[in-house]
Amino acid sequence: GEKGDNLFVAEFGDKIAMVRALEGSPWLIGKHAVILHNYDDRLVPSEIVFDKIDMWVRILNLPLGWMNEHRGVRVMSLIGTVKKMDVDGDGKASGPFLRARVAVDLAKPLSRGVLLKTERTKPPDWFDLQYEKLPFFCHSCGILGHGDLACPTPAQRNALGKLPYDIALRA
């Protein structure tokens, strides 16, 4: 049922359906995200704050020694709060990227990548990020929920005419 402006309560027939809905988020209507939270009967609708969104994030081209849960949690924590790592029973990631479900702060620009010092004697390296089910976001400031034309803090284009977030962030 509707509980306020863009605020709804949904009931599920069983716990499995609820977990599937929560873990499948962000759900998109068009390119706009529907943010889901667990139900808490003590919450007052006017006090509910949707300030984070859980998203699957990929870090590309990591060294093989970083493709595990121990180091993965450390590096994914640079992006947001880690909810779940996509690793096997031994804590190792398979495939071409490290993947985790991360709670991303909606008030901050999306991270385009992370700087990691993978070797003590070398300077840090840059590793690109990609987001699965990336909703509507601004290619100018990188914040979710508005587009380039409605950006309150528009950025300058580079020499090639590209905006700062006009890169392949979508997985």
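Going by the structure above, here's the rest.
The structure reproduced in this document is the subject of the present report. A quick note: this is a predicted structure, and the numbers were derived from the prediction, not measured.

Details of the overall build of the protein chain
Right, on to step 1. The secondary structure content of the protein chain amounts to two helices and nine strands.
Right, on to step 2. Dimensions of the protein chain, computed from C-alpha atoms along their principal axes, come out at roughly 55 × 45 × 25 Å.
Right, on to step 3. By residue count, 32% of the 171 residues in the protein chain fall in the buried class.
Right, on to step 4. In the protein chain, 57% of the contacts between residues at least 6 apart in sequence involve partners at least 24 apart.
Right, on to step 5. Summed over all atoms, the accessible surface of the protein chain reaches about 11,300 Å², with 53% contributed by carbon and sulfur.

Section: the pattern of salt bridges
Right, on to step 1. Per the counting criterion, the structure on display carries six salt bridges.
Right, on to step 2. Among the salt bridges present, the one from Lys83 reaches Asp54, with a minimum N-O distance of 3.8 Å. Of this pair, Lys83 sits in strand S6 (residues 81-85) while Asp54 sits in strand S5 (residues 52-60), placing them 29 residues apart in sequence.
Right, on to step 3. For Glu119, the salt bridge identified is with Lys122, shortest N-O distance 3.7 Å.
Right, on to step 4. Salt bridges sharing common partners tie together Arg58, Asp86, Arg99 and Glu132.

Side note on helix H2 (residues 69-76)
Right, on to step 1. Among the residues of H2, Gly72, Val75 and Met76 are the ones counted as buried. Buried residues in H2, looked at end-on, bunch into an arc of 95 degrees, giving them a common side.
Right, on to step 2. Elements that come into contact with the buried residues of H2 comprise S5, S6, strand S7 (97-105) and strand S8 (113-116).
Right, on to step 3. Capping the start of H2, Asn68 holds a side-chain oxygen 3.2 Å from the backbone nitrogen of His70, two or three residues further along.

A closer look at the packing of aromatic side chains
Right, on to step 1. Counted by the stated rule, this structure contains zero aromatic pairs.
Right, on to step 2. Above the plane of the ring of Tyr165 lies Arg112, whose end atom (NZ or CZ) is 4.4 Å from the centre.
Right, on to step 3. The ring of Trp27 carries Lys133 above its face, with NZ or CZ at 4.6 Å from the centroid.

Digging into the sheet that holds S7
Each strand in a sheet pairs with its neighbour through backbone hydrogen bonds, running either in the same direction (parallel) or in the opposite one (antiparallel).
Right, on to step 1. Read from one edge of the open sheet, five strands run S6-S7-S5-S9-S8, paired in antiparallel fashion. The sheet is open, and its two borders are formed by S6 and S8, each paired with just one other strand. Taking the axes of each pair of neighbouring strands and ignoring which way they run, one obtains an average angle of 35 degrees across the sheet.
Right, on to step 2. By the bridge criterion, nine bridges tie S5 to S7 in an arrangement that is antiparallel. Residue pairing across strands places Val57 opposite Ala100, the latter belonging to S7.

What to know about the layout of surface pockets
Right, on to step 1. By volume, the largest pocket is sized at about 920 Å³.
Right, on to step 2. For the lining of the largest pocket, the secondary-structure elements that each account for two or more residues are strand S2 (7-8), helix H1 (15-23) and strand S4 (32-34).
Right, on to step 3. Here the element with the most residues in the lining of the largest pocket is H1; it accounts for three residues.
Right, on to step 4. In the lining of the largest pocket, the residues fall into 19 nonpolar, three polar and two charged.
Right, on to step 5. Estimates place the volume of the second largest pocket at around 360 Å³.
Right, on to step 6. Considering the residues around the second largest pocket, the lining is formed by 19 residues, among which Leu22, Leu36, Asp54, Lys83 and Arg101 are closest to the centre.
Right, on to step 7. Here the lining of the second largest pocket is composed, by residue class, of nine nonpolar, three polar and seven charged.

Rules behind the numbers
- Residues numbered from 1 in each chain as written.
- Predicted model: local features only at pLDDT ≥ 70, side-chain atom pairs only at ≥ 80, totals over all residues.
- Heavy atoms only, no water.
- Helix = DSSP H or I, 4+ residues; strand = E, 2+ residues; numbered from the N terminus.
- Buried < 20%, exposed > 50% of the residue type's maximum accessible area, 1.4 Å probe, protein only.
- Contact = heavy atoms within 4.5 Å.
- Areas by Shrake-Rupley, 256 points an atom, 1.4 Å probe, with all protein chains shown as cover.
- Salt bridge = Lys/Arg side-chain N within 4 Å of Asp/Glu carboxyl O.
- Arc of directions from axis to C-beta.
- Polar contact = N/O pair within 3.5 Å; in protein donor to acceptor, adjacent residues only side chain to side chain.
- Phe/Tyr/Trp six-rings, centres within 6.5 Å; stacked < 30°, edge-to-face > 60°.
- Lys NZ or Arg CZ within 6 Å of the ring centre and 35° of its normal.
- Pairing = 2+ DSSP bridges.
- Axes fitted to C-alpha atoms, helices over the stretch in contact; angles between N-to-C directions.
- 1 Å grid on protein atoms, 1.4 Å probe; cavity = no way out; pocket = protein on both sides within 12 Å on 5 of 7 lines; lining within 4 Å.
- Points joined across faces, edges and corners; volume = space filled by probe spheres on them.
- Nonpolar A, V, L, I, M, F, W, Y, C, P; charged D, E, K, R; others polar.

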